[in-house]
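Each chain, written out:
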Amino acid sequence: MESSKVIHAFYNDDEVLVDAVKAVKAEHLHIEEVFCPFPVHGLDKAMGLAPTRLAITAFLYGVTGLSFAIWMTNYMMIQDWPQDIGGKPNFSWFTNMPAFVPIMFELTVFFAAHLMVITFYMRSRLWPFKGAENPDPRTTDDHFLMEIPVHNNEAEITALLSKTGAVEINVVDKH
Amino acid sequence: MSHYEAPIREPLVLGDKSYHDITEDIAKPIEGTANKNWHIAFYISLAAMLWGFGCIFYTVGTGIGVWGLNKNIGWAWDITNFVWWVGIGHAGTLISAVLLLFRQKWRMAINRSAEAMTIFAVFQAGLFPIIHMGRPWNGYWVLPLPNQFGSLWVNFNSPLLWDVFAISTYLSVSLVFWWTGLLPDFAMIRDRAVKPFQKKIYALLSFGWSGRAKDWQRFEEVSLVLAGLATPLVLSVHTIVSMDFATSINPGWHSTIFPPYFVAGAIFSGFAMVQTLLGIMRKVTNLEDYITRMHIEYMNIVIILTGGIVAVAYATEFFIAWYTGSPYENYTYLSVGAATGPYAWAFWSLIIFNIITPQLLWFKKIRRSFIWTFIISIAINIGMWFERFDIIAIVLSKGHLPSTWWRFEPTFVDVGIFVGTIGFFFVLFLLYARTFPVIAQAEVKTILKSSGEFYKKRRNQGIPTKPAINVAGESDKSNKE
């Protein structure tokens, strides 16, 4: 059908691309996706992407790790099997706590780092044996690809895009 | 988007490079075939590695008695090597994490290889405590797992257990940091691979990276947060390693300056190893335009700084040992006793390689010379090994009772395992240099316009970095808006 048609506009410069994205946005056209070979600063703002919340998840995972470390050291060293180790206090977690600081720190980092990266991989759908979804192999080399869905306005969009400096414009049937 | 950078700064990417040229240059070592030198280096390393594995099997099969340890010196080469390798690893994280937080663009050409070095070095480091257990199949006892020994838990008061947590967190976090950065570069190799098998392998390694704008946004955020986490992590790792010694009550070990001094020493030795590796790598992979003289100079400056911290720490230790007036302190590794005793050769090796030699780097000519940098980096690697050996073997060789005075003599097994880990390290690094994109090409592309020689020159002439737009069928209005 018409709605599955998209325009693939190729650019070969990051600054031209960002200007093009702004121009397309100014025409109130929807940009489905932009594929880039490297991070382009200001592109997410130009496209109107919401800021990522991954840093917040990292903080929450870190708090989880810290809590886990506190629970684990308390359970193992104080509750379950207290031992006299060099006369260190083993009757309350708080008085024994200075010796547990390294463990608490390491587990905070461990949880925050790994769970954040796993979240990133899940959200961006990255995992082994996952197929690549960039429509053209040049987008990992030196080309930038803007994908715009077409709704009976193919000629209009093409005219606009060619004015913004696209080096190649293809109309393709998605699916 | 103007990517302003002071014109006075030297370019980080030499030559008239385009984005595509960067792709080509970095893919070339992977797509080409290995030359003779690579093969020679690989087989020598492989032989050393196999010899080391043989020594490890001999140790595990017969017992730790095959090492030169005795009742006073219960650890010597193994823990020396462990600390040495962990220390080497630190430069990689420093480059990729700390320099990221400081927005140092020059890290981009070297972070990938430095991180690879980190991971491979930590592998070697991890081997030693595991072998030293004598029964490595019981290695899982260091983990806090419910068990059948009356549920006897691990001891969270012990710095050795802190080490287990620190090293495993460090290794695993470094690995995911490295791999996340590799995804776009693997994707680049995947998308230009012509051999189907190669394409399949890199498709698998790239986790299906497609480079969507949202992915890049997340990628940058994840890199930043990981850098923020890895920075205190890397400082904690060598701090905890130093606590293995500092929390004991041996004169010479029981020292509060150990943590900062060990961390500085780790960065010092790690940068030396990066210099050793990159000095060779930039040549054999033809990446001289990316790993430039300036990169070498910047790393040498870090070496002077951290080497200076280490030298001050030595002087402090030496002075304090003398100032206490305690005869026990005269047996520590930095004392008159050590400088004149049976380990004088080890003491003076430390001073010459670690303090005197690096001072040459104050001269700009030497700092910017590839061959001098290479020689000095080797000297520092040796010196830093002696530092750990001195701390361990000299201190333990003279206890509180003269009847416990004993010296450590390494056996061929001690030497063999050490040589084996060097071989193993180089086997991994050489394989890496042939199969991985050795420079973070996606990141280098982001600084091409601000720090590339071509664009810097153009900007000085007043030509904008943004190319003029040529619209087909319409007279060009160049640089609209």
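Coordinates for the structure precede this section.
Computed from a prediction, not measured in an experiment: that's the story for all the values here.

K.L.:
Explain the overall build of chain B to me, and be specific about the residues and the numbers.
P.N.:
The helix and strand tally for chain B stands at 16 helices and zero strands. For chain B, the C-alpha radius of gyration of 25 Å lies close to 23 Å, the compact-globule estimate for 481 residues. In terms of principal-axis extent, the alpha carbons of chain B reach across some 95 × 50 × 45 Å. When burial is assessed residue by residue, chain B has 59% of its 481 residues classed as buried. Put simply, 79% of the contacts in chain B that link residues at least 6 apart link residues at least 24 apart. Carbon together with sulfur atoms contributes 69% to the accessible area of chain B, which is approximately 19,600 Å² in total. Here chain B contributes 38 positive and 30 negative side-chain charges, whose respective centroids are spaced 5 Å apart.

K.L.:
Go over the overall build of chain A, please, and point to the residues and values.
P.N.:
Per the secondary structure count, chain A includes six helices and four strands. Traced from its N-terminal end to its C-terminal end, chain A shows the element sequence β-α-β-α-α-α-α-β-α-β. Taking 16 Å as the expected radius of gyration for a compact globule of 175 residues, we find that chain A reaches 26 Å, considerably beyond that expectation. Each principal axis of the C-alpha atoms in chain A carries an extent, and together these give about 80 × 30 × 25 Å. Considering chain A as a whole, with its 175 residues, one finds that 48% of them fall into the buried category. Across chain A, contacts joining residues at least 24 apart in sequence account for 74% of those joining residues at least 6 apart. For chain A, the accessible surface area stands at approximately 8,500 Å², while carbon and sulfur atoms represent 61% of it. Charged side chains of chain A number 12 positive and 21 negative; the gap between the two group centres comes to 5 Å.

K.L.:
Account for the interface of chain A and chain B, with residues named and values stated.
P.N.:
Counting residues at the interface gives 73 residues for chain A and 64 residues for chain B. Of the roughly 6,300 Å² buried between chain A and chain B on both sides combined, carbon and sulfur atoms contribute 65%. Three residues stand out in chain A for area buried against chain B, namely A:Glu15, A:Pro39 and A:Glu106, and they jointly supply 10% of the buried area on that side. At the junction of chain A with chain B, the criterion picks out six salt bridges. Two residues, B:Arg212 and A:Glu33, come together in a salt bridge whose shortest N-O distance is 3.7 Å. There are 31 residue pairs in polar contact (both at pLDDT 80 or more) connecting chain A and chain B. Of all the elements in the fold, those that place two or more residues in the side of chain A that touches chain B are helix H1 (14-26), strand S2 (33-35), helix H2 (43-47), helix H3 (54-80), helix H5 (101-123) and helix H6 (154-163) of chain A.

K.L.:
How would you explain a nonpolar patch on the surface if you had to name every residue and give the values?
P.N.:
Taken together, the side chains of A:Trp81, B:Tyr140, B:Trp141, B:Leu143, B:Leu145, B:Phe149 and B:Leu152 make up a nonpolar region of the molecular surface, amounting to roughly 700 Å² of accessible area. Here B:Tyr140 shows up in the loop between helix H4 (111-132) and helix H5 (159-192).

K.L.:
A description of the nonpolar core should follow, citing residues and the corresponding values.
P.N.:
A:Tyr11, A:Val34, A:Met146, B:Trp85 and B:Phe156 are the most contacted members of the largest nonpolar core, which totals 206 residues. In terms of residue count, the dominant contributor to this core is H5(B) (17 residues). Apart from residues lying up to four places away in sequence, B:Phe156 is in contact with A:Met72, A:Thr73, A:Met76, A:Met77, A:Ala99, A:Phe100, A:Ile103, B:Pro144, B:Leu161, B:Trp162 and B:Phe165.

K.L.:
An account of the pairing of strand S3 (residues 144-149) of chain A is requested, with residue identities and associated values reported.
P.N.:
All names here are of chain A. The element S3 is largely enclosed, with a buried count of six among its six residues. Alternating positions in S3 separate into two faces, Phe144, Met146 and Ile148 on one and Leu145, Glu147 and Pro149 on the other, with burial throughout. Direction of pairing for strand S1 (residues 5-11) relative to S3: antiparallel, over a ladder of six bridges. Bridge pairing in S3 links tyrosine 11 to phenylalanine 144.

K.L.:
Give a detailed account of the sheet that holds S2(A), specifying residues and quantitative values.
P.N.:
All names here are of chain A. Spatially, S2-S3-S1-S4 is the arrangement adopted by the four strands of the open sheet, whose pairing is antiparallel. Edge positions in the open sheet fall to S2 and strand S4 (168-173), since each of these has one partner strand only. Each strand axis lies, on average, 20° off the axis of its neighbour in the sheet, ignoring direction. The sheet contact formed by S2 and S3 spans three bridges and is antiparallel. For valine 34, the partnering residue across the bridge sits in S3 and is methionine 146.

K.L.:
Break down the pattern of salt bridges for me, with residues and values.
P.N.:
Counted according to the given criterion, the structure contains 25 salt bridges over all chains. Salt-bridge contacts for B:Arg388 lead to B:Glu387; the nearest nitrogen and oxygen are separated by 3.7 Å. The exposure class assigned to B:Arg388 is buried, which follows from its relative accessible area of 2%. Within this structure, A:Glu33, A:Lys130, A:Glu133, B:Arg212 and B:Asp215 form a network of salt bridges that share partners.

K.L.:
Now, about the packing of helix H8 (residues 258-284) of chain B against helix H9 (residues 293-324) of chain B: what can you tell me, with residues and values included?
P.N.:
All names here are of chain B. Orientation of H8 relative to H9, taken along the N-to-C sense of each, is 145°, at an axis distance of 8 Å. In this structure, H8 crosses over H9, and the sense of that crossing is left-handed. Contacts between H8 and H9 involve Phe258, Tyr261, Ala264, Gly265, Ile267, Phe268, Phe271, Ala272, Val274, Gln275 and Leu278 from the former and Ile296, Met299, Asn300, Val302, Ile303, Thr306, Gly307, Ile309, Val310, Ala313, Tyr314 and Glu317 from the latter. Along the lines of polarity and charge, the residues of the contact of H8 with H9 split into 17 nonpolar, five polar and one charged.

K.L.:
Please provide a residue-by-residue account of the side chain of B:Thr276, values included.
P.N.:
Residues and elements named next belong to chain B. Here threonine 276 shows up in helix H8. You can call threonine 276 buried: its relative accessible area is 6%. Within the structure, the side chain of threonine 276 is placed 2.8 Å from the backbone oxygen of alanine 272, a separation counted as a polar contact. For threonine 276, the residues in contact, after removing those within four places along its chain, are Phe374, Ser377, Ile378 and Asn381.

K.L.:
Provide a residue-level description of the packing of aromatic side chains, including the pertinent values.
P.N.:
All names here are of chain B. Under the defined criterion, the tally for this structure stands at 62 aromatic pairs over all chains. Aromatic pair tyrosine 58 and phenylalanine 412: ring centres 6.1 Å apart, planes at 25°, arrangement stacked. Of this pair, tyrosine 58 sits in helix H2 (residues 36-62) while phenylalanine 412 sits in helix H14 (residues 412-435), and the two are 354 residues apart along the sequence. Here tryptophan 178 and tyrosine 432 contribute two aromatic rings whose centre-to-centre distance is 6.1 Å and whose plane-to-plane angle is 40°, an arrangement assigned as tilted.

K.L.:
Describe in detail the environment of A:Ser4, supporting the description with residues and values.
P.N.:
Mapped onto the elements, A:Ser4 comes out in the segment before S1. Not counting residues up to four positions away in its chain, the partners in contact with A:Ser4 are A:Val172, A:Asp173 and A:Lys174.

K.L.:
Can you explain helix H3 (residues 77-101) of chain B? Please cite residues and give values.
P.N.:
The α-helix advances 3.6 residues per turn, and as a result positions three or four apart in sequence lie on the same side. Residues and elements named next belong to chain B. For H3, built from 25 residues, the straight-helix expectation of 36 Å at 1.5 Å per residue is met to within 8% by its first-to-last C-alpha distance of 36 Å. Largest kink in H3: about 40°, centred on leucine 94. Buried residues dominate H3, accounting for 24 of its 25 residues. Of the residues trailing H3, arginine 103 is marked for its positive phi of about 55°.

The rules we used
- Residues numbered from 1 in each chain as written.
- Chains lettered and ligands numbered in written order.
- Predicted model: local features only at pLDDT ≥ 70, side-chain atom pairs only at ≥ 80, totals over all residues.
- Heavy atoms only, no water.
- Helix = DSSP H or I, 4+ residues; strand = E, 2+ residues; numbered from the N terminus.
- Rg over C-alpha atoms; globule rule 2.2 N^0.38 Å.
- Buried < 20%, exposed > 50% of the residue type's maximum accessible area, 1.4 Å probe, protein only.
- Contact = heavy atoms within 4.5 Å.
- Areas by Shrake-Rupley, 256 points an atom, 1.4 Å probe, with all protein chains shown as cover.
- Lys, Arg positive; Asp, Glu negative; His and termini not counted.
- Charge placed at Lys NZ, Arg CZ, Asp CG, Glu CD.
- Buried area = accessible area lost by both parts, 1.4 Å probe.
- Salt bridge = Lys/Arg side-chain N within 4 Å of Asp/Glu carboxyl O.
- Polar contact = N/O pair within 3.5 Å; in protein donor to acceptor, adjacent residues only side chain to side chain.
- Patch = residues over 30% accessible without salt bridge, like charges linked within 9 Å, V, L, I, M, F, W, Y side chains within 5 Å.
- Core = buried A, V, L, I, M, F, W, Y, C linked by side-chain atoms within 4.5 Å.
- Pairing = 2+ DSSP bridges.
- Axes fitted to C-alpha atoms, helices over the stretch in contact; angles between N-to-C directions.
- Left-handed = near helix turned anticlockwise from the far one by under 90°.
- Nonpolar A, V, L, I, M, F, W, Y, C, P; charged D, E, K, R; others polar.
- Phe/Tyr/Trp six-rings, centres within 6.5 Å; stacked < 30°, edge-to-face > 60°.
- Expected span 1.5 Å × (residues − 1).
- Bend = angle between axes of the 7 residues up to and from the residue.

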